[in-house]
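Structural overview for review
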Amino acid sequence: MQDSRFIRRVTDKALVSFTLDGETVVAQAGDTVAAALVAHNASPLRHTGLSGAPRTPYCMMGVCFECLVEINGRPNVQSCLIEVQDGMQVRRMHGFRKIEVRHG
Amino acid sequence: MQNTRADTTIIGGGVVGLSIALGLLRAGEKIHVLDGADHDPRASLGNFGLTWLQGKGASYAPYTRRTWQAITAWPDFAATLQDLSGIDVAHHATGGYEFFTDPDELDGMAADLAAQSNTLGPGFSYEVLDNAALKQALPGIGDTVIGATYTPHDGHVNPLRLLSALRKALQNGNGRISNGWVVQDIRRNGDDGFTLTNAKGDVHQTGRVVLCAGLGAAALGERLGFRATVRPQRGELLITEKLETRLPFLSSTLRQVDEGGIQIGGTKSDGGLDDREAIEKMRFLARHAVAVWPALKDVNVVRSWGALRVMTEDGYPVYARAPDGSEAYLVTCHSGVTLAPLHATLLADWINQTSAAPDLEAFSDARF
């Protein structure tokens, strides 16, 4: 796994922990999920549905939709707009989202 | 200021104008398309992309027949466009549903389909499904949908790729398209063609002119002696994020684009040339989609827009030659996508008055 390209500013903020695909990640309180993920390491957050190309957060302000992840079971969430919470379950996305059709 | 000249000039570079231009080009004409401004209302950039027969012309047999003819010609037309442009317009005749929550509306559509069947004969088939039959055909349908109608003839295309394919096919055949050429005035040159001018002072001479300017036809049509009474009707559309899961049906209000997003549409409102989408209409569309297919309930909508349909008084097309007998033609219709295969073939025969010219009297401009 490639190390993060970012160096964290040292602050006295509290630490929170969440999981990325089941692996524990430590972040600072107040981080957006996208910021916490790019600070964690340099791996792509998702692969596109059209070409399978790897993607990582880009604009960090809700415009580019490159930072989509699944958060607590909800797919295609813009992780740059969500503040990380202790115990959050984040998953990378591969391809377009699926929908579950209930029969009956 | 520029001076240009052409044998045949099409005013309007939307799906209707380009389809007719392609037909004339393939019949050997030299053609020049004058397309308007970027900010013009462009139904060709905002439409839903259906190739639809169900319910159309139930009380006007000539329209049902021409629509049926177009639907039948679509597969070959899509293949021709692919050959001429290299672009796949993603035509799929999947069959289409109309879903109902109101029993009277379902009965009304069933009566319309019976009328269509009566006009079209045994080649046409349809089904009326009650709630139980529909649940069997489409498990996952919403509980508030009490029934549906279905025909195997309906389908859809990618409408933006259709527009690109038509443009490309035309350009590959040495047809000329001028963008941003807003015709301000048309004058008849005695017995010898027409002079067109725009606000920049450009002058264009043409032997023949075909007016396919959508909502712009009203003002220009008058100069050629047409009534050309067209009015805008706004429709709102939503499109969702792309999904891997395929929607197992096509309906007139819900369709999954070949690229994966689900397009939701079907609102109708009269607000003049204002094409801005209204929030209450968008809310209605979102609720409708979830009522029909509850699995869509938390799918994200990523874009929405409003666009203006081009409506004649009775909703049927107008195919008309200028009342003074000059070489000016008016073509306007709501269903430019569905009818494109006819516009690209029959209308060339009609304009050129070949032996294969169709009888289009039922669609005259004088019927209003």
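Parameters at a glance
- Residues numbered from 1 in each chain as written.
- Chains lettered and ligands numbered in written order.
- Predicted model: local features only at pLDDT ≥ 70, side-chain atom pairs only at ≥ 80, totals over all residues.
- Heavy atoms only, no water.
- Helix = DSSP H or I, 4+ residues; strand = E, 2+ residues; numbered from the N terminus.
- Rg over C-alpha atoms; globule rule 2.2 N^0.38 Å.
- Buried < 20%, exposed > 50% of the residue type's maximum accessible area, 1.4 Å probe, protein only.
- Contact = heavy atoms within 4.5 Å.
- Areas by Shrake-Rupley, 256 points an atom, 1.4 Å probe, with all protein chains shown as cover.
- Lys, Arg positive; Asp, Glu negative; His and termini not counted.
- Charge placed at Lys NZ, Arg CZ, Asp CG, Glu CD.
- Core = buried A, V, L, I, M, F, W, Y, C linked by side-chain atoms within 4.5 Å.
- Pairing = 2+ DSSP bridges.
- Axes fitted to C-alpha atoms, helices over the stretch in contact; angles between N-to-C directions.
- Parallel < 35°, antiparallel > 145°, perpendicular 65-115°, else oblique.
- Left-handed = near helix turned anticlockwise from the far one by under 90°.
- Nonpolar A, V, L, I, M, F, W, Y, C, P; charged D, E, K, R; others polar.
- Buried area = accessible area lost by both parts, 1.4 Å probe.
- Salt bridge = Lys/Arg side-chain N within 4 Å of Asp/Glu carboxyl O.
- Polar contact = N/O pair within 3.5 Å; in protein donor to acceptor, adjacent residues only side chain to side chain.
- pLDDT = per-residue confidence, 0-100.
- Phe/Tyr/Trp six-rings, centres within 6.5 Å; stacked < 30°, edge-to-face > 60°.
- Lys NZ or Arg CZ within 6 Å of the ring centre and 35° of its normal.
- Expected span 1.5 Å × (residues − 1).
- Arc of directions from axis to C-beta.

1. Looking at the overall build of chain B
Of regular secondary structure, chain B possesses 10 helices and 17 strands. On C-alpha atoms alone, chain B measures out to a radius of gyration of 21 Å, which is about the 21 Å that the 2.2 N^0.38 rule sets for 368 residues. With the C-alpha coordinates of chain B rotated into their principal frame, the extents come out at 65 × 45 × 40 Å. Counting every position in chain B, which comprises 368 residues, the buried fraction comes to 55%. The contacts in chain B between residues at least 6 apart in sequence include a share of 72% that link residues at least 24 apart. With the model as given, the accessible surface of chain B reaches about 15500 Å², and the carbon-plus-sulfur share is 48%. Side-chain charges of chain B comprise 33 positive and 42 negative groups, with the mean position of each set lying 5 Å from the other.

2. A short note on the nonpolar core
Residues and elements named next belong to chain B. Ile-20, Trp-74, Leu-162, Leu-170, Val-210 and Val-331 are the most contacted members of the largest nonpolar core, which has 46 residues in total. Elements that contribute at least two residues to this core include exactly α1 (15–26), β2 (31–34), α3 (61–85), α6 (159–172), β17 (328–332), α9 (340–343) and α10 (346–352). If you tally residues by element for this core, the top one is α1, at eight residues. Leu-129, Leu-243, Ile-262 and Ala-295 belong to the second largest nonpolar core, which has 25 residues in total.

3. Observations regarding the sheet that holds strand β4 (residues 54–55) of chain A
Residues and elements named next belong to chain A. The three strands lie next to each other as β4-β3-β8, forming an open sheet whose pairing is mixed. At either margin of the open sheet sits one strand with a lone partner, and together these are β4 and β8 (93–94). Bridge count between strand β3 (residues 46–47) and β4: two bridges; the pairing is antiparallel. Looking across to β4, one finds that His-47 is bridged to Pro-54.

4. Observations concerning the packing of α3(B) against α6(B)
Residue and element names in this part refer to chain B. Two elements in contact, α3 and α6, have axes whose closest approach is 8 Å; the angle formed by their N-to-C orientations is 55°. Relative to α6, the element α3 is oriented oblique. In the packing of α3 onto α6, the handedness of the crossing is left-handed. Contacts between α3 and α6 pair Trp-74, Phe-77, Leu-81, Leu-84 and Ser-85 from the former with Leu-162, Ala-165, Leu-166, Lys-168, Ala-169 and Asn-172 from the latter. In terms of residue class, the contact of α3 with α6 is built from eight nonpolar, two polar and one charged.

5. Focus: the interface of chain A and chain B
One frequently used descriptor of interface size is the decrease in accessible area upon assembly of the parts. At the interface, 12 residues of chain A touch 15 residues of chain B. Note on chain A versus chain B: buried area summed over both sides is about 1300 Å², and carbon and sulfur give 55% of it. Of all residues in chain A, Phe96(A), Arg97(A) and Ile99(A) give up the largest surface area on contact with chain B, accounting jointly for 47% of the area buried on that side. Our count for the chain A to chain B interface comes out at three salt bridges. Here Lys98(A) makes a salt bridge to Glu244(B), at a shortest N to O gap of 3.7 Å. Counting across the chain A and chain B interface gives six residue pairs in polar contact (both at pLDDT 80 or more).

6. Overview of the environment of Glu29(B)
All names here are of chain B. Along the chain, Glu-29 falls in the loop between α1 and β2. Between the C-alpha atoms of Glu-29 and Thr-8, which are 21 residues apart in sequence, the distance is 7.2 Å. Apart from residues no more than four positions distant in its own chain, Glu-29 is found in contact with Thr-8, Leu-24, Arg-208 and Asn-352. One polar contact links Glu-29 to Thr-8, side chain to side chain, over a distance of 2.9 Å.

7. Some details on the confidence of the model for chain A
Looking at chain A as a whole, its pLDDT mean stands at 93, while 98% of the residues score no less than 70. Here β8(A) is the element of chain A with the lowest mean pLDDT, 92, and strand β7 (residues 89–91) of chain A is the one with the highest, 98.

8. So, unusual backbone geometry
The backbone phi angle of Asn174(B) is positive, close to 65°, even though this residue is not glycine. Within the secondary structure, Asn174(B) is located in the loop between α6 and β8 (176–178).

9. A few points about the packing of aromatic side chains
All names here are of chain B. The full count for this structure, using the stated rule, is 13 aromatic pairs over all chains. Each ring, one from Trp-68 and one from Phe-124, has its centre 6.3 Å from the other, and the planes form 80°; the classification is edge-to-face. Of the two residues, Trp-68 sits in helix α3 while Phe-124 sits in the loop between α4 (103–120) and β5 (127–130), which places them 56 residues apart along the sequence. Relative accessible area serves as the criterion here: at 22%, Trp-68 is assigned to the partly exposed category. Seen in terms of ring centroids, Tyr-319 and Trp-350 are 6.3 Å apart; in terms of plane orientation they differ by 70°. Their pairing is edge-to-face. Remark: Trp-350 occurs in helix α10 and Tyr-319 occurs in strand β16 (residues 318–321); sequence separation between them is 31 residues. Both residues of the pair, Tyr-319 and Trp-350, count as buried. A cation over an aromatic ring shows up here: Arg-255 above the ring of Phe-48, its NZ or CZ 5.9 Å from the ring centre.

10. Here's the deal with α6(B)
An α-helical turn contains 3.6 residues, so any two residues separated by three or four positions project in the same direction. All names here are of chain B. With 14 residues, α6 should reach 20 Å at 1.5 Å per residue; the first-to-last C-alpha distance of 20 Å fits that figure. Among the residues making up α6, those that are buried are Pro-159, Leu-162, Leu-163, Ala-165, Leu-166, Ala-169 and Leu-170. Angular distribution of buried residues about the axis of α6 spans 165°; they occupy a single face of the element. Capping the start of α6, Asn-158 holds a side-chain oxygen 3.3 Å from the backbone nitrogen of Leu-160, two or three residues further along. The first or second residue beyond α6 is Asn-174, which carries a positive phi of 65°.

11. Here we look at the pattern of salt bridges
All names here are of chain B. Inspection of every chain in the model, using the stated rule, returns 23 salt bridges over all chains. Between Arg-208 and Glu-29 there is a salt bridge, with the nearest N and O atoms lying 3.0 Å from each other. In this pair, Arg-208 is assigned in strand β11 (residues 203–211) and Glu-29 in the loop between α1 and β2, connecting sequence segments 179 residues apart. Between Asp-35 and Arg-42 there is a salt bridge; the shortest N-O distance is 3.2 Å. Note on Asp-35: relative accessible area 7%, which makes it buried. In this structure, a network of salt bridges that share partners links the residues Glu-29, Arg-208, Arg-321 and Glu-327.

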